[in-house]
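What follows is the residue order along each chain.
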Amino acid sequence: MPTEIVAAEGGGSPCEARCANEAKINHECGLFGIWGHEEAAQLSYYGLHSLQHRGQDGAGMVVKNGDVLTRTKGPGLLTEVYNSKMLAEMKGTAAIAHVLYATGGMKSSTAIQPLLFHFEQSSSLAICHNGALVNSKSLRNKLEEYGSIFQTTCSSELLAHIIKRSRLVTFVDSLKRALSQIYGGFAFLLMTKNALYAARDPRGLRPLVLGKRGDAYVVASETCALDTVGATYIRDVAPGELIIIDDNGIKSEFYTSDKGMALCGMEFIYIARPDSNIEGVNVHTSRKNAGIVLAKESPTAGAEVVIASPDTGISAAIGYAEAAGIPYEIGLIKNRYIGRTFIAPSQNLRKRGVKMKHSVVRSIVEGKSVILVDDSIVRGTTMRHLVKLLKDTGAREVHLKIASPLYKYPCYYGIDTPSPKELVAHKRSAREISKLMDADSISFISESGLADAIGITHNNTHGLCMACFNGDYPTHLQDFAGIELK
Ligand code: AMP
Ligand code: SF4
């Protein structure tokens, strides 16, 4: 049985989760929370299921039954952690839940959230988050100076310590003060026996939405989770906002006045599910628009067929084909039973994973000038392999169209990025990348073209974050200041 159950009452054992060093390791992850429903655990399971694309390395839930908070968790996919018998036994009217994206070197079995803390008078606090802080190292050092001892290196534990140190009278004031001391890209869910709390970072880098199902309130990383549990979308949580949900309803407060919108561009490009909407923009539509813009920015004379790198290039490929007037075809098939190669912990395993992952529809590409569309190039492993596969199968020419700008700089806000020297676009021109991929040409969408496709202007205080493309980070980078990025 992979699942650990920790009862919160009666001085149960303290949180044993160990997250990886947040200064080095980022989490994409998915969050789901519900307050005021008899089947809180079961709905959280379905909600998490629709967020599985955000993390496949572990899943966990804290369920509130009366005054008792109970945690279950385990490594792997949600279906490997929970079964129907377990779910039927998980009684409670509120829950917060998490799917984990673990990166190389991180032992997923010890990194699974939510964390569960026990304070005096049997009070308990559950916390989970998505994202990464840029000042976690500085805060930890300071707290350790003051005498804190950490069990983990996870931002959720850091937040718990800061809350606990606060001398303010109410929990909400302590939480607001704590949130105003952390910087970066994050969405936090917290739960006590009295309330569920949902907070979003002051730049809105990481997504978080609010919905309602009957009398129950639901919060989730993406709207697809609301749809799955039959909840109606109310609105996105605002940058810098703390939402408090309890038996009396919902309250909204802001923990900072220094707020502005810098939505993560990569959520639109790659991370979020196509059926989700972020700040009212449908993810599939933004990707399709990016394909349309690419076709206008970078036409290729004589191309005969447009194919997608499955599955994340499909929306943009459809848009490209439509705008260029070239047929869209299924030229590459993806083996659905292999996990995302990007997640493999070493480059060797990643290469093997990529090889098993795709096959070509020969009749579609043989002898043709092919346009291959993908959402992004990170290390270049996928594209190099696909170009070889297409050429080995007889494609005459392969022209690459990438629906994001050149990915040159690391993300410090929770999106897994390799070190700059592993990024194929770091210090390389498009022409050099094309040569490296053995492609006949390569084109990347422009930053302004991408902003147009999404329909949100980007100037880093109101609009989109595109720091991994242009190095303009929308927050200061406290722990990373002085690191050479360019
Ligand atoms: P690579 O083979 O390293 O160039 O990876 C590129 C592929 O990884 C693209 O096809 C994307 O769909 C996907 N991708 C882009 N960003 C990420 C990310 N942060 N995590 C996982 N996969 C990603
Ligand atoms: Fe998203 Fe890139 Fe900004 Fe990170 S740096 S939040 S991946 S747009």
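The structure under discussion appears in the preceding block.
Report on the accompanying structure. Remember, predicted model here, so these are calculated numbers, not experimental data. (Residues numbered from 1 in each chain as written. Chains lettered and ligands numbered in written order. Predicted model: local features only at pLDDT ≥ 70, side-chain atom pairs only at ≥ 80, totals over all residues. Heavy atoms only, no water.)

1. Overview of the pattern of salt bridges
- By the definition in use, this model includes 17 salt bridges.
- Between aspartate 311 and lysine 334 there is a salt bridge; the shortest N-O distance is 4.0 Å. Pair noted here: aspartate 311 is in the loop between strand E18 (305-308) and helix H10 (314-324) and lysine 334 is in strand E19 (residues 332-334), with a separation of 23 residues, a long-range link.
- Relative accessible area serves as the criterion here: at 35%, aspartate 311 is assigned to the partly exposed category.
- Among the residues examined, lysine 334 registers a relative accessible area of 22% and is labelled partly exposed.
- Several salt bridges converge on common partners, so that one network encompasses Arg54, Arg206, Glu222 and Glu267. (Salt bridge = Lys/Arg side-chain N within 4 Å of Asp/Glu carboxyl O. Helix = DSSP H or I, 4+ residues; strand = E, 2+ residues; numbered from the N terminus. Buried < 20%, exposed > 50% of the residue type's maximum accessible area, 1.4 Å probe, protein only.)

2. Details of the sheet that holds strand E6 (residues 115-118)
- Overall, antiparallel pairing links the six strands, which are arranged E6-E7-E8-E9-E13-E14 in an open sheet. Here the strands that pair on one side only, and so sit at the sheet edges, are E6 and strand E14 (249-254). On average, each strand axis in the sheet is tilted by 20 degrees relative to the strand beside it, whichever way the strands run.
- One ladder, built from six bridges, connects strand E13 (residues 241-246) with E14; its direction is antiparallel. Residue pairing for E14: isoleucine 245 is matched across the bridge by isoleucine 250.
- Strands in contact with helix H5 (residues 155-165) are E6, strand E7 (124-133) and strand E8 (184-191); relative to E7, the strand with the most contacts, it is inclined by about 125 degrees.
- Across the sheet, helix H6 (residues 171-179) touches E7, E8, strand E9 (196-200), E13 and E14, and the angle it forms with E13 is around 155 degrees. (Pairing = 2+ DSSP bridges. Axes fitted to C-alpha atoms, helices over the stretch in contact; angles between N-to-C directions. Contact = heavy atoms within 4.5 Å.)

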